[in-house]
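Given next are the chains, with one letter for each unit.
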Amino acid sequence: MRSSNPVFSRRGFSRDNGYAGFNATPQAGAPAAGANPYAQQGTAANPYATNPYAQPDAQLGAPQAPVRSGAMTIDDVVTRTGMTLGTVVLTAALSWALLPVDQANIGKSYGIAVGAALVAFVLALVQSFKRKASPPVILAYAAFEGVFLGVISSAVSTYISPGTVMQAVMGTMCVFAGVLLAYKMRWIRVTRRFYGFVMAAAVGFLLLMVVNLLFTVFGGGDGLGFRSGGLGILFGVIGIILGACFLALDFKQVEDGIAYGAPREESWLAAFGLTMTLVWIYLEMLRLLSILNGDD
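The model shown is predicted, which means the values in this text are computed figures rather than measured ones. (Residues numbered from 1 in each chain as written. Predicted model: local features only at pLDDT ≥ 70, side-chain atom pairs only at ≥ 80, totals over all residues. Heavy atoms only, no water.)

One finds Tyr141, Val175, Val179, Phe194, Leu247 and Leu249 to be the most contacted residues of the largest nonpolar core, which totals 54 residues. When contributions to this core are tallied by element, the ones reaching two or more residues are helix H2 (74–98), helix H3 (106–129), helix H4 (135–159), helix H5 (164–184), helix H6 (192–219), helix H7 (229–259) and helix H8 (266–294). Considering each element in turn, this core owes the most residues, 13 residues, to H8. Non-local contacts of Phe194, meaning those with residues more than four positions away in its chain, are made with Ile188, Arg189, Cys245, Ala248 and Leu249. (Core = buried A, V, L, I, M, F, W, Y, C linked by side-chain atoms within 4.5 Å. Buried < 20%, exposed > 50% of the residue type's maximum accessible area, 1.4 Å probe, protein only. Helix = DSSP H or I, 4+ residues; strand = E, 2+ residues; numbered from the N terminus. Contact = heavy atoms within 4.5 Å.)

Next up, the structure:
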């Protein structure tokens, strides 16, 4: 089964047996190169070869990949993720300062924000369908995404509550830390059933949001009310929970890539996937808090 994240879905991170590509154990007697998409050609088929970057999965009997030079490490993922998130934060701060959302400039600022969001969406699609990671495309995506987030955050801070943005940032950080802790402690088990549930829920959620958007555009008002009032609060919470679930899937894909000796360049894809998920969580957190603070 392929990854839920389009960044990983065309790569060798997923494994097709066992837990839907997660914690999979190759069949007994199968050559290591067949189970590990990054195994070096000509390497002796030792299904229990030591990999210094692999996570301890002895209780699952998971084989380890042969050691290979230039393999992705957790430090690579952290560094690239820091670069992409740093770009998002930098361009968000610049757009907040340079694109005011006062009555005289709000139309222009919103237009630039929407344009930046569309460019970011196109760049995300381009990278998702490329066979190799493209750092310029990934960083450009982060830059345009930051412009959109900066204008939206500025508008929320100006018209709803100055503290909402900081609350959303802190909430996103807490979700990330909580999911990471739960994943490392194995409180979250990324299994085939977990994967299927998350994907089904995400498809249903997105379809409802698209229908609500269409009703809003053509019917005016709040559409079907899925993004305001009580229903808005409910769907905001659901959106954050889905984002947390995608974080768990991202963590597992990163773990698989490291354990199976993915090339170092793949760390850019890991950073890209994590950045997209964190942007999702932040937007849902910002929307939820905007509803709550707006009712005060």
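Continuing now.
Residues other than glycine seldom take positive phi values, yet Arg186 does so here, at roughly 65 degrees. Structurally, Arg186 is set in the loop between H5 and H6.

The geometry of an aromatic ring pair is captured by two quantities: the separation of the ring centres and the angle between the planes. According to the stated counting rule, one finds six aromatic pairs in the structure shown. With centroids separated by 6.5 Å and ring planes inclined at 20 degrees, the aromatic side chains of Phe205 and Trp280 adopt a geometry described as stacked. With Phe205 in helix H6 and Trp280 in helix H8, this residue pair connects regions lying 75 residues apart in the sequence. With relative accessibility at 5%, the residue Phe205 sits in the buried group. Judged by centre distance (5.4 Å) and plane angle (40 degrees), the ring pair of Phe246 and Trp280 falls under tilted. Here Phe246 is found in helix H7, whereas its partner Trp280 is found in helix H8, with 34 residues between them in sequence. You can call Phe246 buried: its relative accessible area is 10%. Taking NZ or CZ as reference, Arg186 lies 5.3 Å from the ring centre of Tyr183, over its face. (Phe/Tyr/Trp six-rings, centres within 6.5 Å; stacked < 30°, edge-to-face > 60°. Lys NZ or Arg CZ within 6 Å of the ring centre and 35° of its normal.)

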